[in-house]
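Reading the structure
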Amino acid sequence: MLYDRGGVHKERICSVHLERLIFMSPPLRKVLDAWSVIDLKNCWLVAGCLAQTVWNEKFGFPLEHGVLDLDLVYFDSTDISADSEQQNSERVRSVLSDIPLWVDVKNEARVHVWYKEKFGYSIAPYRSVTDAIDTFPTTATAAGIRPGEDDIEVYAPFGLTDMFDGIVRANKRQITAQIYEAKVSRWLSHWPNLQIVPWDES
């Protein structure tokens, strides 16, 4: 379900536009073409690579400009071991070896195991991939896609309007101001025309 920030009609237009851009982007298209071979439980392609592809078209850059990696997330609560996640990562990177980008693969069912060590505070276990997407750092990057029966399935809890309008707004459900500002700094170095909503105004 898309959150109606910009109106149902506008969100539908954004969703169709996103699907078109995905198929125009060679790396994103290759991921979707290999979906059945990737074969991860409840898998979604998420976050930065989607928003950044949209920003590139919006600001007149090549679609792959500034895109450093592709994030594939899945949910397997039956095996939250680091070894299993590593094996899946290596297998998927082998499948997608012709894509000249780092492919990051994470089991969202085990994020709570390592989160405190990396970020300094604990989080509750996620219940699903969509539960995890709900906590992604900005409204523009809180999004995921995967092949559906007839077209691309999109999950965007804050809608797609901020993504397509080039607005970066903090999602404060889980992150800190420091994490937000670090992301903003990197993104502005590649997309200087983004509209940044300050942390205190988000």
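From a predicted model like this one, the values you see are computed outputs, not experimental measurements. (Residues numbered from 1 in each chain as written. Predicted model: local features only at pLDDT ≥ 70, side-chain atom pairs only at ≥ 80, totals over all residues. Heavy atoms only, no water.)

**Remarks on the layout of surface pockets**
- In this structure, the largest pocket encloses a volume near 860 Å³.
- As for the largest pocket, its lining consists of 30 residues, of which Ala 47, Asp 71, Phe 119, Pro 137 and Lys 183 are closest to the centre.
- Breaking the lining of the largest pocket down by element, the ones donating at least two residues are α4 (48-59), β2 (69-74), β3 (102-107), α6 (111-119) and α9 (177-190).
- In the lining of the largest pocket, the residues fall into 17 nonpolar, five polar and eight charged. (1 Å grid on protein atoms, 1.4 Å probe; cavity = no way out; pocket = protein on both sides within 12 Å on 5 of 7 lines; lining within 4 Å. Points joined across faces, edges and corners; volume = space filled by probe spheres on them. Helix = DSSP H or I, 4+ residues; strand = E, 2+ residues; numbered from the N terminus. Nonpolar A, V, L, I, M, F, W, Y, C, P; charged D, E, K, R; others polar.)

**Re the pattern of salt bridges**
- Overall, the coordinates contain eleven salt bridges when judged by the stated rule.
- For Glu 57, the salt bridge is made with Arg 20, and the minimal N-O distance between the two is 2.8 Å. Taken together, the positions of Glu 57 in helix α4 and Arg 20 in helix α1 (residues 8-24) put the pair 37 residues apart, joining distant regions of the chain.
- You can call Arg 20 partly exposed: its relative accessible area is 40%. (Salt bridge = Lys/Arg side-chain N within 4 Å of Asp/Glu carboxyl O. Buried < 20%, exposed > 50% of the residue type's maximum accessible area, 1.4 Å probe, protein only.)

**A short note on the nonpolar core**
- In terms of nonpolar packing, the biggest core is built from 48 residues, with Ile 38, Leu 45, Leu 72 and Met 163 touching the most fellow members.
- Here this core gets five residues from one element, more than from any other, and that element is α4.
- If near-sequence neighbours (up to four positions away) are discounted, Met 163 is found in contact with Leu 18, Leu 50, Ala 51, Val 54, Trp 55, Ala 140 and Ala 143. (Core = buried A, V, L, I, M, F, W, Y, C linked by side-chain atoms within 4.5 Å. Contact = heavy atoms within 4.5 Å.)

**A few points about the sheet that holds strand β4 (residues 144-147)**
- The sheet built from five strands is open, its strands ordered β3-β2-β1-β4-β5 with mixed pairing. Two strands lie at the open edges of the sheet, namely β3 and β5 (152-155), each paired on one side alone. Averaged over all pairs of adjacent strands, the angle between strand axes in this sheet comes to 30 degrees, irrespective of strand direction.
- Both strand β1 (residues 44-46) and β2 contribute to a ladder of three bridges, which runs antiparallel. Across the sheet, residue Leu 45 finds its bridge partner in β2, namely Leu 72. (Pairing = 2+ DSSP bridges. Axes fitted to C-alpha atoms, helices over the stretch in contact; angles between N-to-C directions.)

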